[in-house]
Amino acid sequence: MANNESVKITYVKNLNKLSFNSTISVAIDSNVNIKTILNVDSYLFDTKIDAGSNKAVVTGKIGVNVLYVDTDNITNTITDSQNFSETFVDNSITSDSFINILNSNVLSNVLSSDGILKINCDISIQPVVYLNLSMPNNLVNFENMILKKDEINTNTIASTINTSFDYTTNLETNLPVSKILCYNAHFCAENVTPYQDYAVVEGKLVSKLLFESMNGDETEVKEIIKTENIKNEISIPNLTSDANLDLMFCLDKSKTNISTESEDGENIITIQNTICVSGVVLKEISLDIIDDMYSAENEIEITKTRREFTKSMSCERVNDIVLGDITLRDDETAIDEIVSNLNSQPEITNTYIKDEMVYVEGIITSHLIYIDENKEIKQKQLELPFVINTKIALDKIDCTHASIELLDGKTRVKRGTIIELEYTLFITVCSYIKSETEMIDNVTIGKSLDFGSVDFQIFIARPNESMWELCKRIKAPMEEVARYNKDLPLVMEGGEKIIIRR
């Protein structure tokens, strides 16, 4: 009858942001001569985290797509990748922890292109760890021994999620497509609804494609932008409709497939995207906490310990628009036409709570490709800081973490020297309230009680229960019941304590 297993309770902790540097050396063919690098798109894929004792190792690959113009004024791309491995240390990490990566970001800068193209990648990863804390409550299944207990609700990890789903999008144009130059996309999950063993994900996929088109003897660079709604089911074993989901979504650019075909004068560009899903299912359970038990005075001594657990979780999803202007430097020529604003990447730099508001600070980086007043193709790195706040309904928040996604971005030019930016951001804030309660660690009757071999039991009589019915229910001879429990009536009032020694 003893239950020596511990109850697993979820505890969520934000770890320090992990920042590291990696340089990718891209080998260039001897017949390639780079004149101008227009854009460098770096991204992480095949990311994996192994949690250990007080540390975790994150491994994966850095992919890079380089868009450049050669000395013959021909636009081309180079693709390469490289493995990486980094370690972050925190004394709360255990081998059975699950760690999710939030807001991974890569900022790329070209170092040189003399035979070998070196790209310096500054990588920022915000990890959050979900810990399974043991809360021993060894008497929770002792039938009839527990006389007073409270029921509390809490969250526990039902399962971790590491899956993906594919989505195919079609981009159409009546212009001839001679070459695909650059493709960039991002998925923004606006709503996730749990059901039995699966969840329905709703969101938007924003695709941006750069291609070359022949206009007579002239080559032009054109852009297609498309936003479409996605609704997809993902299989999640052990999921129930009343569970909470704390998920992250990202595109695996290494698995993107692009094909082009013509039909009735239209050029159709078919793109298959792989959307990765990671996170946890937080299942709310009821936990019986022992407060006291009936016993003869000084016969039973109870040792208790106050322990912390996660009481509840709430997810707030907020849309907000960030506006800003960026002025060209005096040594930069005025903009005649914007070709594209690629690889817009929002990053959270700080999250804090003030006056029941959650404030999210960050910066949006993007890469602008434009034609200047001298009809030359130029590029510029853009950075726009932002601060967003949202009201949280919970009275008290002990822990919160936020993820951010870009829903839409618009770029305009004012008077040739001022760039107007408008970004629509989608922020998910997960908030947790922690609480604590007393758990029974030990019961002593003159000596420490061995939970594996209990030598007594305490039963509670039911109202109007006869002595014969009682003995049958507790499976004890009537003479033994009478021996240890004097003056018991033949019919119980209810609530009488009956001690049986085994």
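Data block above holds the structure.
Calculation criteria
Residues numbered from 1 in each chain as written. Predicted model: local features only at pLDDT ≥ 70, side-chain atom pairs only at ≥ 80, totals over all residues. Heavy atoms only, no water. Patch = residues over 30% accessible without salt bridge, like charges linked within 9 Å, V, L, I, M, F, W, Y side chains within 5 Å. Areas by Shrake-Rupley, 256 points an atom, 1.4 Å probe, with all protein chains shown as cover. Salt bridge = Lys/Arg side-chain N within 4 Å of Asp/Glu carboxyl O. Lys, Arg positive; Asp, Glu negative; His and termini not counted. Charge placed at Lys NZ, Arg CZ, Asp CG, Glu CD. Helix = DSSP H or I, 4+ residues; strand = E, 2+ residues; numbered from the N terminus. Buried < 20%, exposed > 50% of the residue type's maximum accessible area, 1.4 Å probe, protein only. Phe/Tyr/Trp six-rings, centres within 6.5 Å; stacked < 30°, edge-to-face > 60°. Polar contact = N/O pair within 3.5 Å; in protein donor to acceptor, adjacent residues only side chain to side chain. Core = buried A, V, L, I, M, F, W, Y, C linked by side-chain atoms within 4.5 Å. Pairing = 2+ DSSP bridges. Axes fitted to C-alpha atoms, helices over the stretch in contact; angles between N-to-C directions. Contact = heavy atoms within 4.5 Å. Arc of directions from axis to C-beta.

**Quick look at a negative patch on the surface**
Logical step 1: Taken together, the side chains of Glu-172, Glu-261, Glu-263, Asp-264 and Glu-266 make up a negatively charged region of the molecular surface.
Logical step 2: Within the secondary structure layout, Glu-266 lies in strand E14 (residues 266-292).
Logical step 3: With relative accessibility at 31%, the residue Glu-266 sits in the partly exposed group.

**Examining the environment of Ser-42**
Logical step 1: Within the secondary structure layout, Ser-42 lies in strand E3 (residues 34-51).
Logical step 2: On the accessibility criterion, Ser-42 (10% relative accessible area) is buried.

**A short note on the packing of aromatic side chains**
Logical step 1: All told, the structure shown has 7 aromatic pairs when counted by the stated rule.
Logical step 2: Residues Phe-187 and Phe-249 carry aromatic rings whose centres are separated by 5.7 Å and whose planes lie at 65 degrees to one another, so their mutual orientation is edge-to-face. Of this pair, Phe-187 sits in strand E9 (residues 179-194) while Phe-249 sits in strand E12 (residues 244-251), and the two are 62 residues apart along the sequence. Exposure class is identical for Phe-187 and Phe-249. Each is buried.
Logical step 3: Connected via pairs of aromatic rings, a cluster forms that spans Phe-165, Phe-187 and Phe-249.

**Regarding the side chain of Glu-332**
Logical step 1: Among the secondary structure elements, Glu-332 is positioned in the loop between strand E15 (301-327) and strand E16 (335-354).
Logical step 2: There is a polar contact of 3.2 Å between the side chain of Glu-332 and the side chain of Lys-380.

**Here's the deal with the nonpolar core**
Logical step 1: Formed by 30 residues in total, the largest nonpolar core has its most connected members in Val-66, Phe-88, Ile-119, Ile-123 and Ile-125.
Logical step 2: Of all elements in the fold, only strand E2 (18-27), E3, strand E4 (55-70), strand E5 (75-89), strand E6 (98-114) and strand E7 (116-135) reach the threshold of two or more residues within this core.
Logical step 3: Of the residues forming this core, the biggest block, 7 residues, is contributed by E7.
Logical step 4: Core analysis: the next-biggest nonpolar cluster, separate from the first, contains 29 residues, Val-177, Val-192, Leu-209 and Phe-211 among them.

**Section: the pattern of salt bridges**
Logical step 1: Counting across every chain of the model gives 16 salt bridges.
Logical step 2: Between Arg-329 and Glu-332 there is a salt bridge, with the nearest N and O atoms lying 3.4 Å from each other.
Logical step 3: For Arg-329, a relative accessible area of 48% puts it in the partly exposed group.
Logical step 4: We classify Glu-332 as buried; its relative accessible area is 16%.
Logical step 5: Among the ionic pairs, Glu-332 bridges to Lys-380, the shortest N-O distance being 3.2 Å.

**Examining the sheet that holds strand E10 (residues 198-215)**
Logical step 1: Spatial ordering of the open sheet is given by E9-E10-E11, a layout of 3 strands whose pairing is antiparallel. Of all strands in the sheet, those bounded by a partner on one side alone are E9 and strand E11 (218-235). Direction aside, neighbouring strands of the sheet carry axes that sit 15 degrees apart on average.
Logical step 2: Bridge count between E9 and E10: 14 bridges; the pairing is antiparallel. Residue pairing for E10: Ala-185 is matched across the bridge by Ser-207.

**Concerning unusual backbone geometry**
Trans is the common state for peptide bonds, and a negative phi is the common state for residues other than glycine.
Logical step 1: A positive phi angle, near 65 degrees, is found at Asn-54, a position not held by glycine.
Logical step 2: For Asn-54, the location among the structural elements is in the loop between E3 and E4.
Logical step 3: Here Asn-54 falls in the partly exposed class, since its relative accessible area comes to 35%.
Logical step 4: Phi at Asp-197 takes a positive value of approximately 70 degrees, unusual for a residue other than glycine.

**Things to note about the environment of Asp-70**
Logical step 1: With respect to the helices and strands, the residue Asp-70 is situated in strand E4.
Logical step 2: Take Asp-70: its relative accessible area is 11%, and that puts it in the buried class.
Logical step 3: Placed 34 residues apart in sequence, Asp-70 and Thr-36 show a C-alpha to C-alpha distance of 6.7 Å.
Logical step 4: With residues near it in sequence (within four places) discarded, Asp-70 still touches Asn-33, Ile-34, Lys-35 and Asn-76.

**Focus on helix H1 (residues 467-474)**
Because an α-helix packs 3.6 residues into every turn, residues spaced three or four apart end up facing the same way.
Logical step 1: Inspection of H1 places Met-467, Leu-470, Cys-471 and Ile-474 among the buried residues, and these make up the whole buried set. Seen along its axis, H1 keeps its buried residues to an arc of 95 degrees; they face one direction. Counted as exposed and oriented over 90 degrees from the buried face of H1: Trp-468 and Lys-472.
Logical step 2: Of the residues one or two after H1, Lys-475 is the one with positive phi, at around 55 degrees.

Function cannot be inferred from these measures alone, as they are strictly geometric.
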